[in-house]
Amino acid sequence: MAMLADIFAVIAPIFVLAGLGFIWAKRDLPFPMDAIGQLATHIGTPCLVIATLLKAELPQSELSWMALAAVTATTCFIIIGFIALRLLGLSWRSYLAPMAFPNSGNAGLSLCLFAFGPPGLALGLVCFALNSFCNFSIGQALYAGRGNWVGLLRAPVIYAVPLGVLGNQLHVDLPLFLMRSLETAGAITIPLMLLTLGVSLASLKVQDLRNALTLTALRLGMGFAVGMVLTWAFGMTGVARGVLIIQCAMPVAVINVIFAVRYARDATAVAGLVVVSTLVSFATLPLLLLIALE
């Protein structure tokens, strides 16, 4: 019963905030998605990254191993996803990015924080930053045939992670007013991400349910399996093990819909995949957390 109570405490805030976003959108209340996304991406996220990593009581080796594991996981997702899509006769241009780059931000960071506290958030941010880098470079190139390197270099999170890690290792002690400013600005990020996730789910539609269910099984099943294998291969235990399993097993990221629309790659089907994979992921969260918290 104690374990069930712990799991409920982890997933309840996610359901509540995403649910509020969903209801907000269904009531046709104003939610400027682009402005809120820019706020979370360009102010909230880099502040959260720097503040969290500066305070993280983690050895550099653990951060480095997590970074290596995250890159290895992405490589595995690309290879497995490409082979599976070819066998299924589906377009890898449209569906490989959704298979390779899970929702490590909206959903993953929230779970890492609520399940493991500040150490989990710090390690989860390493996964999120690398996933974002790969998604905006490799992922966008899969859709377009070329990468948007200028846009990538403008993403503040790319610079926030090395700054935070360097400050952590050099034991930089920022003035109290600056540290509290970073913490306050960073605190908006996860609530905004979850509200945005709920609003997105309310606006996206599912047309090809069979295809969406097949690819959802691939995304979640592949993610969980790769996460489990890599935690064993890298000898991860405790918080690091749980964080990697969670981040690998997340559903399809909403950003894939934006890329699919921009480059005319089956946007409606990708939108349906986001909805179905997220709903199935929510349904399986208790089991995922039970394994991650072992």
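Residues numbered from 1 in each chain as written. Predicted model: local features only at pLDDT ≥ 70, side-chain atom pairs only at ≥ 80, totals over all residues. Heavy atoms only, no water.

S.K.: Quick question: what am I supposed to make of a nonpolar patch on the surface here?
M.R.: A cluster of nonpolar side chains, namely I79, I80, F82, I83 and L87, defines an oily patch on the protein surface of about 480 Å² accessible area. Mapped onto the fold, F82 is located in helix α3 (residues 60–88). (Patch = residues over 30% accessible without salt bridge, like charges linked within 9 Å, V, L, I, M, F, W, Y side chains within 5 Å. Areas by Shrake-Rupley, 256 points an atom, 1.4 Å probe, with all protein chains shown as cover. Salt bridge = Lys/Arg side-chain N within 4 Å of Asp/Glu carboxyl O. Helix = DSSP H or I, 4+ residues; strand = E, 2+ residues; numbered from the N terminus.)

S.K.: Explain the packing of aromatic side chains here, please?
M.R.: Tallied over the full model, the rule gives four aromatic pairs. Aromatic pair F82 and W92: ring centres 5.8 Å apart, planes at 70°, arrangement edge-to-face. Pair noted here: F82 is in helix α3 and W92 is in helix α4 (residues 92–100), with a separation of 10 residues, a long-range link. By relative accessible area, which is 32% here, F82 ends up partly exposed. (Phe/Tyr/Trp six-rings, centres within 6.5 Å; stacked < 30°, edge-to-face > 60°. Buried < 20%, exposed > 50% of the residue type's maximum accessible area, 1.4 Å probe, protein only.)

S.K.: Could you clarify how one ought to interpret the pattern of salt bridges in this entry?
M.R.: Pairing between side chains of opposite charge can happen when the charged atoms of each approach one another. The final tally for this structure, using the stated rule, is two salt bridges. Between K55 and E183 there is a salt bridge, with its nearest N and O atoms 3.1 Å apart. Taken together, the residues span a long stretch of sequence, with K55 in helix α2 (residues 33–55) and E183 in helix α8 (residues 176–186) at a distance of 128 residues. Measuring nitrogen to oxygen at the nearest pair gives 3.6 Å for the salt bridge that ties R241 to E294. Highlighted residues: R241 in helix α11 (residues 238–248) and E294 in the segment after α13 (267–292), separated in sequence by 53 residues. A residue is classified by how much of its surface remains accessible, and E294, at 66% relative accessible area, is exposed.

S.K.: How should unusual backbone geometry be read in this particular structure?
M.R.: Outside of glycine, negative phi angles account for most residues, and trans bonds account for most peptide bonds. Despite not being glycine, D28 shows a phi value in the positive range, around 60°. For D28, the location among the structural elements is in the loop between α1 (2–26) and α2. Take D28: its relative accessible area is 69%, and that puts it in the exposed class. A positive phi angle, near 55°, is found at H171, a position not held by glycine. Here H171 lies in the loop between α7 (157–169) and α8.

S.K.: Sorry if this is basic, but what is going on with the confidence of the model for the chain here?
M.R.: Caution is warranted with low-pLDDT regions, since their predicted coordinates should not be read in detail. In this model, the chain carries an average pLDDT of 89, and 96% of its residues clear a pLDDT of 70 or more. Between the elements of the chain, mean pLDDT differs from a low of 67, seen in helix α6 (residues 149–153), to a high of 96, seen in α11. (pLDDT = per-residue confidence, 0-100.)

S.K.: When you look at the environment of S200 in this model, what are you seeing that I'm missing?
M.R.: Structurally, S200 is set in helix α9 (residues 189–203). Residues contacting S200, with those up to four places away along its chain left out, are M33 and V254. (Contact = heavy atoms within 4.5 Å.)

S.K.: Hey, could you run me through the side chain of T189 in this one?
M.R.: Residue placement: T189 occurs in helix α9. At 3.3 Å, the side chain of T189 forms a polar contact with the backbone nitrogen of T45. Not counting the four nearest positions on each side in its chain, T189 is found in contact with A40, G44, T45 and L48. (Polar contact = N/O pair within 3.5 Å; in protein donor to acceptor, adjacent residues only side chain to side chain.)

S.K.: Honestly, the side chain of T52 in this entry has me stumped. Any pointers?
M.R.: Structurally, T52 can be placed in helix α2. Among the residues examined, T52 registers a relative accessible area of 10% and is labelled buried.

S.K.: What am I meant to see in α11 here?
M.R.: The α-helix advances 3.6 residues per turn, and as a result positions three or four apart in sequence lie on the same side. In terms of burial, α11 is a largely internal element, nine of the 11 residues being buried. Taken together, the buried positions of α11 are occupied by A240, R241, G242, V243, L244, I245, I246, Q247 and C248.

S.K.: How should I be thinking about the environment of I78 in this particular structure?
M.R.: Assignment of secondary structure puts I78 in helix α3. Separated by 60 residues in the primary sequence, I78 and I138 place their C-alpha atoms 9.9 Å from one another. Beyond its immediate chain neighbours, meaning those up to four positions away, I78 contacts L96, A100 and I138.

S.K.: Sorry if this is basic, but what is going on with the nonpolar core here?
M.R.: Nonpolar side chains in soluble globular proteins generally cluster together in the buried interior. The biggest cluster of nonpolar side chains holds 87 residues, and the ones touching the most others in it are M66, M99, L111, L244, I246 and L289. Per-element accounting of this core gives the leading share, 16 residues, to helix α5 (residues 108–144). Counting seven residues, the second-largest nonpolar core is a separate cluster that includes A25, F31, I36 and V199. (Core = buried A, V, L, I, M, F, W, Y, C linked by side-chain atoms within 4.5 Å.)

S.K.: Hey, could you run me through the packing of α4 against α13 in this one?
M.R.: Packed helices, taken two at a time, are described by their axes: the angle between them and the distance between them. Running from N to C, α4 and α13 point in directions that differ by 20°, and their axes come no closer than 10 Å. Between α4 and α13, the crossing angle belongs to the class labelled roughly parallel. The way α4 lies across α13 gives a crossing that is right-handed. Facing S94, Y95, P98 and M99 of α4, the residues of α13 in contact are A269, V270 and L273. Broken down by class, the residue content of the contact of α4 with α13 amounts to six nonpolar, one polar and no charged. (Axes fitted to C-alpha atoms, helices over the stretch in contact; angles between N-to-C directions. Parallel < 35°, antiparallel > 145°, perpendicular 65-115°, else oblique. Left-handed = near helix turned anticlockwise from the far one by under 90°. Nonpolar A, V, L, I, M, F, W, Y, C, P; charged D, E, K, R; others polar.)

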